[in-house]
Amino acid sequence: MNQALVSIVLHAIKEQYVSEKAFYSSQLGISSQSWDRWKKGEHGLKPDNMQIVAKLFSDYEWMLVQKVARNADILPEVADEPVREYQFLKYQIAKKWLTSGLASMKWLSIEESQAEQPVRKASITTLRLEANYDFWSYKDIINLRLPSVIRQQIETKKVDLLAWMSENDPDTIQTMK
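Rules used in this analysis
Residues numbered from 1 in each chain as written. Predicted model: local features only at pLDDT ≥ 70, side-chain atom pairs only at ≥ 80, totals over all residues. Heavy atoms only, no water. Salt bridge = Lys/Arg side-chain N within 4 Å of Asp/Glu carboxyl O. Helix = DSSP H or I, 4+ residues; strand = E, 2+ residues; numbered from the N terminus. Buried < 20%, exposed > 50% of the residue type's maximum accessible area, 1.4 Å probe, protein only. 1 Å grid on protein atoms, 1.4 Å probe; cavity = no way out; pocket = protein on both sides within 12 Å on 5 of 7 lines; lining within 4 Å. Points joined across faces, edges and corners; volume = space filled by probe spheres on them. Nonpolar A, V, L, I, M, F, W, Y, C, P; charged D, E, K, R; others polar. Pairing = 2+ DSSP bridges. Axes fitted to C-alpha atoms, helices over the stretch in contact; angles between N-to-C directions. Contact = heavy atoms within 4.5 Å.

**A look at the pattern of salt bridges**
No. 1: Per the counting criterion, the structure on display carries four salt bridges.
No. 2: A salt bridge links Lys 39 to Glu 20; its shortest N-O distance comes to 2.8 Å. One end of the pair, Lys 39, is in helix α3 (residues 32-39); the other, Glu 20, is in helix α2 (residues 20-28), and 19 residues separate them in sequence.
No. 3: Owing to a relative accessible area of 29%, Glu 20 belongs among the partly exposed residues under this scheme.
No. 4: The partner of Glu 61 in a salt bridge is Lys 90, with the nearest N and O atoms 3.2 Å apart. Separated by 29 residues along the polypeptide, Glu 61 in helix α5 (residues 59-74) and Lys 90 in helix α7 (residues 82-100) bring together distant segments of the chain.

**Some remarks on empty space enclosed by the protein**
No. 1: Tallied over the full model, the rule gives two cavities of 30 Å³ or more.
No. 2: The volume enclosed by the second largest cavity comes to roughly 50 Å³.
No. 3: As for the second largest cavity, its lining consists of Ile 8, His 11, Ala 12, Glu 15, Gln 16, Leu 56, Phe 57, Glu 61, Tyr 86, Gln 87, Lys 90 and Arg 145.
No. 4: When residues of the lining of the second largest cavity are traced back to their parent elements, those giving at least two are α1 (3-16) and α7.
No. 5: It is α1 that contributes the most residues to the lining of the second largest cavity, five residues altogether.
No. 6: Here the residues of the lining of the second largest cavity are counted per class, giving five nonpolar, three polar and four charged.

**Focus on the sheet that holds strand β1 (residues 103-108)**
No. 1: Strand order in the open sheet formed by three strands is β1-β2-β3, and the pairing between neighbours is antiparallel. Both outer strands of the open sheet, β1 and β3 (138-147), are each paired with one neighbouring strand and no more. Between one strand axis and the next, the sheet turns by 20° as a mean value, whatever way the strands run.
No. 2: Pairing between β1 and strand β2 (residues 124-135): six bridges, direction antiparallel. Across the sheet, Ala 103 pairs through a bridge with Ala 131, a residue of β2.
No. 3: Sheet strands touched by α7: β1, β2 and β3. Its angle to β3, the strand with the most contacts, is close to 115°.

That is the geometry; function is a separate question.
Structure, rendered in structure tokens:
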């Protein structure tokens, strides 16, 4: 298994679930031994389970994950920090979409974004950006998972989202979580 892919998946699980165990036991239905062997690259997951792993991401995000994983095989700087590379790309693309007016945005509440409350993290807010191309069911989505305090800052202080994004980068956001 590509270690860059594993690192990005583990980061997504950490963002969305209370623990790795909550994810692999409730969503994949596998043992800790199977999960550890997958993380070490000793064996793969069943196709159905890989589909569940892919659902940690939007289709567009999953495409970015694949590109980062591929580039990690070629570029040592990406291999060293694949999660940072993935987050950086997501963030830069989101800024470009917002600047160009290509995307609409909406905040997802905990109820909308986290149906299985006991295993999902409750302290994050999701900012969903959707680039719609006016073809039925074809739109790209980027979900930025942010600490709830960021949403409050933007909404209560009336800080413009683009201004906020210009002042903050993915590394800054990660330290807020």
